[in-house]
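For reference, the chains in residue letters:
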Amino acid sequence: MAQNFISCDREQTFLMPPSLREWLPEDHLAWFVIEAVEGMDLREFYAEYRADGHGRAAYEPSMVVALLLYAYATKQRSARAIERHCRQDIAYRVITANQVPDHATFARFVVRHEAALGELFGSVLALCAKAGLVSSGVVAIDGTKLAANASREANSDYERIAREIVAEAKATDEAEDELFGEARGDELPDELRTSEGRRRWLREAKQALDAERAASPPQAASEPADEPPSKPRGRALDQGRRGWLRDARQRLDARREREARAIPRSRQARLAESRRRLEEELAAEREANEAYEAYRARGISRDGRRFGGGPPSPYRLPDTPTGRVNTTDLDSRLLKAAGIGYVQGYNAQAAVNEEQIVIAAEITVESPDFGQLEPMVNATAAELERAGVTDPPEVVVADSGYWHHEQMDSLAAGGIQVLIPPDAGKRKGARPGWQGGRYEWMRRALATELGERLYRKRSQTVEPMFGHTKHNRGMSRFHRRGRSAARAEWRLITATHNLMKLHSHTLAVATA
């Protein structure tokens, strides 16, 4: 009797059209992502395309969104890798309905819809809230350093940037001399060298401009420019010249965050922007220094008292900027990371609840977590409200790096209990000068059974999320450059973390 095997004929053609529904099981993550995207509000994506349908057809935005979410969930962020998987991975082919968009399509989609992709975090959080996963009882806040798409060796000072700009200009001049010879290279084209040709060209340009104005809606007025920082905010007013200068730098950094300028692609443009930023920083410090000296020259402090002692010591700012900037990713900073030294990157902040659902994700360029407590709690409350959760966090836990008197008092006044140890975990004994008062009260609160149990949730929620994201998913480095792009990427990473948690939850409920 002949051996009996199931046939393996790779030349067999399909007698009937294949159904994508038969390619993956119903509980596969790909189907879950597709169904999740169907429930999201994607109007912001569709608003970027022409309503009249003119022009070359684009890929369906909902398909690309679903593909990006699934790719991030399965550790793929490279546009070329996504294209490759669209050719050889069944789940990707199901999502794209057997289409294969090229990698440039994905890259341009991410750049074009940067803000909308970042807001998918809120859409996924709303789905988690409907499933009962977004509790607001105990919230753990922490930050982790993620490397930027830049080398730390690319940090340059003003002098080095100026030398490189001069070298670039010289190389450009030499190339133009070789290309144009004795000609300038800016001669008018033939159609503009005669009076008749110029009139015809101007007439056609005016007609095209009038048609464009008629087709385009009026643009909204731009926001008014910031007022000059004549006085610093808060305690910096009483901290002397150093406080005024520090406040000026913080104001400048906040303005840059609002502007969210894209990082130029060309090396020459990045060098010019780097020089502009360094000069802008020096100008801001010079303005703050002049305002401080004028404030002291009046001789009267803000409480009406005369300044004690003599006039402030003379201080002269340098003639050229003394700071440094990374010429690859101008927004990134050299940050100190525990255990690994310094990292050229960003400080990624996250607020996580007891179900390990990320309920707030933001980016900062400051190395320490000091000062990030209240902003992250406010971001958490805003995200919860958008997700339909009306209850604010009851307890917020964070490590000692978040200790901030004013912010802790402000949160406590709002009814939120804050548990932050005044001493770092590696320190033996109390921190020098941090005895008595609120320090001892917090130590006693954390030593109680309830306080110890609540604070332990930090190591059970936010720290495992960071470990899973950076080590298991391999997302320890940003692919895009710039603070705005890094924020969108971080929120997309955390959104897919929540999406996988939601998928696991639905599977557990279905099999229960």
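The coordinates are above.
Right, let's walk through the structure included here. (Residues numbered from 1 in each chain as written. Predicted model: local features only at pLDDT ≥ 70, side-chain atom pairs only at ≥ 80, totals over all residues. Heavy atoms only, no water.)

Take empty space enclosed by the protein next. All chains considered together, the criterion is met by 2 cavities of 30 Å³ or more. Approximately 70 Å³ is the volume found for the largest cavity. Every residue lining the largest cavity is listed: Arg-256, Glu-257, Glu-259, Ala-260, Arg-261, Glu-273, Arg-276, Arg-277, Asp-331 and Arg-483. Put simply, the parts of the chain that give the lining of the largest cavity at least two residues each are helix 11 (240–259) and helix 12 (267–297). Split into classes, the residues belonging to the lining of the largest cavity amount to 1 nonpolar, no polar and 9 charged. Size it by volume and the second largest cavity reaches roughly 60 Å³. Along its surface, the second largest cavity is lined by Tyr-72, Val-110, Glu-114, Leu-117, Arg-480, Ala-488, Glu-489 and Leu-492. When contributions to the lining of the second largest cavity are tallied by element, the ones reaching two or more residues are helix 7 (114–118) and helix 17 (483–511). By residue number, the principal contributor to the lining of the second largest cavity is helix 17, which donates 3 residues. Broken down by class, the residue content of the lining of the second largest cavity amounts to 5 nonpolar, no polar and 3 charged. (1 Å grid on protein atoms, 1.4 Å probe; cavity = no way out; pocket = protein on both sides within 12 Å on 5 of 7 lines; lining within 4 Å. Points joined across faces, edges and corners; volume = space filled by probe spheres on them. Helix = DSSP H or I, 4+ residues; strand = E, 2+ residues; numbered from the N terminus. Nonpolar A, V, L, I, M, F, W, Y, C, P; charged D, E, K, R; others polar.)

This part is about the environment of His-503. The topology assignment puts His-503 in helix 17. Residues His-503 and Glu-385, 118 residues apart in the sequence, show an inter-C-alpha distance of 23 Å. Look past the residues within four positions of His-503 in its chain and what remains in contact with it is Asp-27, His-28, Leu-29 and Phe-32. (Contact = heavy atoms within 4.5 Å.)

This structure, assessed with the given rule, holds 9 aromatic pairs. When the centroid spacing of 5.1 Å and the interplanar angle of 35° are considered together, the rings of Trp-244 and Tyr-295 count as tilted. With a gap of 51 residues between them, Trp-244 in helix 11 and Tyr-295 in helix 12 connect regions that are remote in the sequence. Per residue, the accessibility class of Trp-244 equals that of Tyr-295, and both read buried. Residues Tyr-346 and Phe-478 carry aromatic rings whose centres are separated by 5.7 Å and whose planes lie at 85° to one another, so their mutual orientation is edge-to-face. Here Tyr-346 is found in strand 5 (residues 341–352), whereas its partner Phe-478 is found in the loop between helix 16 (449–472) and helix 17, with 132 residues between them in sequence. Comparing Tyr-346 with Phe-478 shows no difference in burial state: the two are buried. (Phe/Tyr/Trp six-rings, centres within 6.5 Å; stacked < 30°, edge-to-face > 60°. Buried < 20%, exposed > 50% of the residue type's maximum accessible area, 1.4 Å probe, protein only.)

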